Amino acid sequence: MKILSILILVCMVFPAYADDDSSSGDDNQITAVDNKQYLNECGSCHFAYQPSLLPIRSWKKLMLQLADHFGDNAELAAEEQKQLTDYLVANSADLSPDKFAKKLLQGLAKDETPLRITIIPYFVHEHDKIPKKAIGDNPEVKSLSYCNKCHTGAETGNYSENSIKIPGYERLNDDNSSH
Ligand code: HEC
Ligand code: HEC
């Protein structure tokens, strides 16, 4: 009886370990959002950014000023605001096992509270080789804030290189080289 339950336990624990490993050990895998309320409320105007992309202090500050959110009003009822803040904090860069989250934090001074992922030094560094005409000058992308425009697996947290496809960019290249 005991042996059987140990066996069952082992079978249950090991696959979980394997999953954990691939999501935390890989730079390009970020823990996906599994919170429906967050997807609904924070994914309607833009991609629902994974909580591990900002530290606790940033989420707290951002969630306290939703009425003036990058020029938009993203205000929520008090209870919902609290629930979503709790979700973001619990899965923030500070508490996440994601490797990318750790790197984001490493390059960030403790007294800095960025409200954007796209201004964090490590993020900037990882994206600074992309030509301007593929981002800001590209109407199909607009800015680096629209992660899922280029990272086709962004919703599932897959940011691997072979899932990147910059929309309109190949065409821009064609325009330049064609005659
Ligand atoms: C009414 C539309 C709207 C809603 C709803 C909304 N946002 Fe935004 N959000 C914006 C706009 C506009 C920007 C700026 C995008 C840009 O610069 O192009 C933005 C930017 C952001 C950024 C910065 C992205 C970057 O550049 O790194 C974060 C983080 C963010 N929002 C989080 C949230 C969270 C969390 C919620 C839910 C509580 C939310 N947003 C709901 C409109 C919205
Ligand atoms: C214009 C297209 C584009 C947009 C928009 C974009 N990225 Fe990227 N991203 C790239 C490219 C290209 C690379 C690969 C850079 C390289 O390997 O040289 C990359 C790399 C990455 C990586 C892998 C870094 C590593 O350590 O290997 C992560 C994670 C990532 N981006 C997250 C994001 C997030 C989060 C957003 C939105 C806030 C975003 N990206 C927006 C194009 C984009």
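Residues numbered from 1 in each chain as written. Chains lettered and ligands numbered in written order. Predicted model: local features only at pLDDT ≥ 70, side-chain atom pairs only at ≥ 80, totals over all residues. Heavy atoms only, no water.

A. Geometry of the coordination of the iron atom of ligand 1. Those donors, His 46 (NE2) and His 69 (NE2), are the protein atoms that reach the iron atom of ligand 1, and they lie 2.0 Å from it. Classification of the site at the iron atom of ligand 1 rests on its 6 donor atoms, whose angles at the metal span 87 to 180°, yielding the label octahedral. Here His 46, found in the loop between helix H2 (36-42) and helix H3 (56-63), pairs with His 69, found in the loop between H3 and helix H4 (78-90); they are 23 residues apart in sequence, far enough to count as distant. The exposure class of His 46 is partly exposed, given its relative accessible area of 24%. (Donors = N, O, S within 2.8 Å, 3.2 Å for Na, K, Ca; no water. Tetrahedral: all angles 85-135°; square planar, octahedral: opposite > 155°, others 65-115°. Helix = DSSP H or I, 4+ residues; strand = E, 2+ residues; numbered from the N terminus. Buried < 20%, exposed > 50% of the residue type's maximum accessible area, 1.4 Å probe, protein only.)

B. How the structure looks around the packing of aromatic side chains. In the structure shown here, the tally under the stated rule is 3 aromatic pairs. Aromatic side chains Tyr 38 and Tyr 87 sit 5.4 Å apart centroid to centroid with 45° between the ring planes, which places their arrangement in the tilted category. One end of the pair, Tyr 38, is in helix H2; the other, Tyr 87, is in helix H4, and 49 residues separate them in sequence. Tyr 87 carries the same exposure label as Tyr 38, and that label is buried. Centroid distance Phe 47 to Tyr 49: 5.9 Å. Interplanar angle 90°. Geometry classified as edge-to-face. Its relative accessible area of 14% is what places Tyr 49 among the buried residues. Sitting over the face of the ring of Tyr 146, Lys 142 holds its NZ or CZ atom 5.2 Å from the ring centroid. The residue whose ring lies beneath Lys 149 is Tyr 146, and the NZ or CZ to ring-centre distance is 5.5 Å. (Phe/Tyr/Trp six-rings, centres within 6.5 Å; stacked < 30°, edge-to-face > 60°. Lys NZ or Arg CZ within 6 Å of the ring centre and 35° of its normal.)

C. Seen up close, the site of ligand 1. Neighbouring residues of ligand 1: 24 residues in total, closest Cys 42, Cys 45, His 46, His 69 and Ser 145. At 2.7 Å from an oxygen atom of ligand 1 is found a side-chain nitrogen or oxygen belonging to Ser 145. For the shell around ligand 1, the elements supplying multiple residues, two or more each, are H2 and H3. Class assignment for the residues of the shell around ligand 1 results in 14 nonpolar, 7 polar and 3 charged. Here the shell around ligand 1 spans two domains, since at least three of its residues come from each of domain 1 (29-128) and domain 2 (130-179). (Near = heavy atom within 4 Å. Polar contact = N/O pair within 3.5 Å; in protein donor to acceptor, adjacent residues only side chain to side chain. Nonpolar A, V, L, I, M, F, W, Y, C, P; charged D, E, K, R; others polar. Domains from an automatic or database assignment.)

D. Spotlight on H4. Between its terminal C-alpha atoms H4 stretches 18 Å, which fits the 18 Å expected from 13 residues at 1.5 Å a residue. Buried residues of H4: Leu 84, Thr 85, Tyr 87, Leu 88 and Val 89, and no others. Looking at the buried positions of H4, the neighbouring elements they touch are H2 and H3. (Expected span 1.5 Å × (residues − 1). Contact = heavy atoms within 4.5 Å.)

E. A look at the coordination of the iron atom of ligand 2. Within the first shell, the iron atom of ligand 2 binds the protein through His 127 (NE2) and His 151 (NE2), at distances of 2.0 Å. Around the iron atom of ligand 2, the 6 donor atoms sit at angles spanning 88 to 179°, and that spread fits a shape best called octahedral. Taken as a pair, His 127 in helix H6 (residues 121-127) and His 151 in the loop between helix H7 (147-150) and helix H8 (169-177) lie far apart in primary sequence, 24 residues in all. With relative accessibility at 15%, the residue His 127 sits in the buried group. For His 151, a relative accessible area of 12% puts it in the buried group.

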